Amino acid sequence: MANFDFLSISPDLVLIAFAVLFLLMGSFSRTPGVHNYNMLSISAFSLAILFNLLLFGSKRFGFYDMMLYDELAGIFRFIFYGIGIIVSLMSDPYIEGKIKHKGEYYALIILSIVGMSFIATSYDLIMLVLGVEAMSLSVYILAGMFKHDEASAEASIKYFLLGAFSTAIMLLGIAFVYGTVGTTNYSLIVQNYNKYLHGGIQTGIFLFGVAAILAGVLFKIAAVPFHMWTPDVYEGAPTSVTAFMISGVKAASFFMLIRVFLIALKVAVFNFVDIMVFISIITMTLGNIAALTQRNIKRMLAYSSIAHAGYMLIGFVALNKTGLAAIVFYLIAYALMNLGAFAVLVLLEEKGKDLEHVSGCGFLYPFLGLMMTIFMFSMVGLPPTGGFMGKFYVFKGALEAGYLWLVIIAVLNSAVSAYFYLRVLVYMFFEKPIDAGGALRTSSATVTTALVLTSVGILFLGIFPQFFFEITTKYMTYLP
Amino acid sequence: MLESYVPVLILGVISVGFAFVTLALSHLIGERKPTEEKLIPYECGNVPIGTARERFPVKFYIIAMLFIIFDVEVAFMFPWAVLYENLGMLGLIEMLIFVLILMLGLAYVWGKGALEWE
């Protein structure tokens, strides 16, 4: 069954072609400064979105059934490519003059997104690992792109070592699953489990494998027992790369969780619900409490991303259509608000990275102040923003599944988080600027575009939530 | 199926035990007459000149990395060459794509100037 369905990966092929072009441009061009890599990268992603749009709605198996392109994978491709566009928009003024190899920077972002897209379309654990590695290896390098900045180098090496370790654990789990059911194909795993295993003596080995895979996935989404790398890596990496990691890698990892555990390992997923409840509670609580004491905004947002992972896991715990569709909705809102907040930080970072350094910026730069207000409101979960509707749908799913107390804990957590998110706004609007004269170098048109796109997106998600939620509910066909 | 792992377990136990026993025995009953020559670091039989903690030019590492890539390429080509008849046209095309990607990488490295020593 050599079904070489090149059409189904055509968006990725376009992106790979552009990435190779960027690499060759970066190495052979004698005038490295003149190329508009960000515009080229945006057109690459736009082209990929166009191809994906043409494909959308079809369901295609391909490449010896190692890939399955379905509607949800298509939706996630849209998310990844959209993240690619916004990251490309906000990167250029930030890395200008700081990174010598700009072609490589954009090529790595593109290749990482190709990896995410492969995760989204994987239908075989081997393909999944390939996608995860393509995504992660690019991000390891991107995190260390500021070669002369110690924090950046530390972030890169730390992320690489721990990431490699977590991939090893995940591969071990895959080996155990393969050892018991004799296949890595998603549908065959379910078939063989029902045929040979089904509660027999080897089910324990199978479950051990599933647990190891779960550990690898939880590492990538920075859930609590495996979250240690997150603050250091997110703080140390270049801000535009952090925005990419916090939105793109997180979205891909959550989709990996949904896809693997609700297609391939759905026979085992109910064994892990109890522990996932525990992980979800401890993840959001630790993320929020640790964020309370942070002075560095990037580090605060890193802890906040841990907390958000906790909220999203509630949707996974619920394991019903509303909860799972809510994760997708939440991910879109989460990606938009983080990209937006980091786009503001990209502009403000010249002033410094701590809360004190943004003092008074709200009135000095009213546009940035307004944008930051929208993003922070969305992170707290205040209407009318996407963050509010995301939380609402996730909690609704959990209530439908009967987890009232879990929702109460999550709402309390949400209240705690208001303190550190709104504190950023307090510093921006109610504190005196520390150096009023220091005008910002950049008020870049591309970053402004990114800010407008993300804020409009968040408000749209908050005011007309049904539009996206109906789409995600309709296509959330993976159910246990 | 679980039973079929028993030989692996036995092998593991025996190999760990063997290593432990040999080390312990030679430590316990072995005779030790340390001399100055015996205690210096082993450098393929040559008398060491200076410390081993030298600083290498970073260029060596680039060459080593490039070598690894093409070394792995050959490792990938051997099984393909063995099964060339069975894989047929499909295998040939896939290998061509693989080599093409590596060639692009080589072109990139060349353009970056990583192949120039100075």
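Remember, predicted model here, so these are calculated numbers, not experimental data. (Residues numbered from 1 in each chain as written. Chains lettered and ligands numbered in written order. Predicted model: local features only at pLDDT ≥ 70, side-chain atom pairs only at ≥ 80, totals over all residues.)

## Section: the overall build of chain A
A tally of helices and strands in chain A yields 19 helices and two strands. Against the 2.2 N^0.38 benchmark of 23 Å for 480 residues, chain A shows a C-alpha radius of gyration of 21 Å, consistent with a compact globule. Counting over 480 residues, chain A shows a buried share of 57%. For chain A, contacts bridging at least 24 residues in sequence account for 80% of all contacts bridging at least 6. (Helix = DSSP H or I, 4+ residues; strand = E, 2+ residues; numbered from the N terminus. Rg over C-alpha atoms; globule rule 2.2 N^0.38 Å. Buried ≥ 20, exposed ≤ 12 C-beta atoms within 10 Å, placed from the backbone. Contact = placed C-beta atoms within 7 Å.)

## Examining the interface of chain A and chain B
Contact with chain A, which involves eight residues of that partner, is made by eight residues of chain B. Tallied by class, residues from the side of chain A that touches chain B come to six nonpolar, two polar and no charged. (Nonpolar A, V, L, I, M, F, W, Y, C, P; charged D, E, K, R; others polar.)

## A closer look at the environment of F51 of chain A
All names here are of chain A. Structurally, F51 can be placed in helix α2 (residues 37-55). Sequence separation between F51 and V14 is 37 residues; the distance between their C-alpha atoms is 8.9 Å. When residues no more than four places from it in sequence are discounted, the contact partners of F51 are S10, P11 and V14.

## Observations regarding unusual backbone geometry
Residue and element names in this part refer to chain A. For the bond running from P383 to P384, omega is 0°, close enough to zero to count as cis. Looking at the secondary structure, you find P384 in the loop between α15 (366-380) and α16 (386-400). Of note, A222 is a non-glycine position whose phi angle comes to about 60°, a positive value. Within the secondary structure layout, A222 lies in the loop between α8 (203-221) and α9 (229-236). On the basis of neighbour counts, which here come to 28 C-beta atoms within 10 Å, the residue A222 falls in the buried class. One non-glycine residue, L319, lies in positive phi territory at about 55°. Mapped onto the fold, L319 is located in the loop between α12 (297-318) and α13 (321-348). On the neighbour-count criterion, L319 (20 C-beta atoms within 10 Å) is buried.

## What about the confidence of the model for chain A?
Overall, the predicted model of chain A reaches an average pLDDT of 90, with 97% of residues at or above 70. Summarising per-element confidence for chain A, the mean pLDDT is lowest in helix α14 (residues 361-364) of chain A (83) and highest in helix α5 (residues 125-143) of chain A (94). (pLDDT = per-residue confidence, 0-100.)

## Let's talk about helix α3 (residues 59-82) of chain B
Taking 1.5 Å per residue as the helical rise, α3 of chain B with its 24 residues ought to reach 34 Å, and the 35 Å between its terminal C-alpha atoms agrees with that figure. α3 of chain B sits mainly on the outside: zero of its 24 residues count as buried. (Expected span 1.5 Å × (residues − 1).)

## A closer look at the nonpolar core
Residues and elements named next belong to chain A. Within the largest apolar cluster, 182 residues are counted, with the highest numbers of intra-cluster contacts made by I110 and L331. Top contributing element to this core by residue count: α13, with 23 residues. Residues in contact with L331, not counting those within four places in the same chain, are I79, A251, F254 and M312. (Core = buried A, V, L, I, M, F, W, Y, C linked by C-beta atoms within 7 Å.)

## Details of the environment of L197 of chain A
On the secondary structure map, L197 of chain A appears in helix α7 (residues 186-197). Not counting residues within four places of it along the chain, the set of residues in contact with L197 of chain A comprises T180, V181, Q202, T203 and F206 of chain A.

## Observations regarding the packing of α8 of chain A against helix α10 (residues 239-264) of chain A
Residues and elements named next belong to chain A. Taken N-terminus to C-terminus, the directions of α8 and α10 make an angle of 155°; their axes are 8 Å apart at the nearest point. The orientation of α8 relative to α10 falls into the category roughly antiparallel. Handedness of the crossing formed by α8 with α10: left-handed. The segment α8 lies against α10, with I213, V217, K220 and I221 engaging V249, K250, S253, F254, M256, L257 and V260. Considering only residue class, the contact of α8 with α10 consists of eight nonpolar, one polar and two charged. (Axes fitted to C-alpha atoms, helices over the stretch in contact; angles between N-to-C directions. Parallel < 35°, antiparallel > 145°, perpendicular 65-115°, else oblique. Left-handed = near helix turned anticlockwise from the far one by under 90°.)

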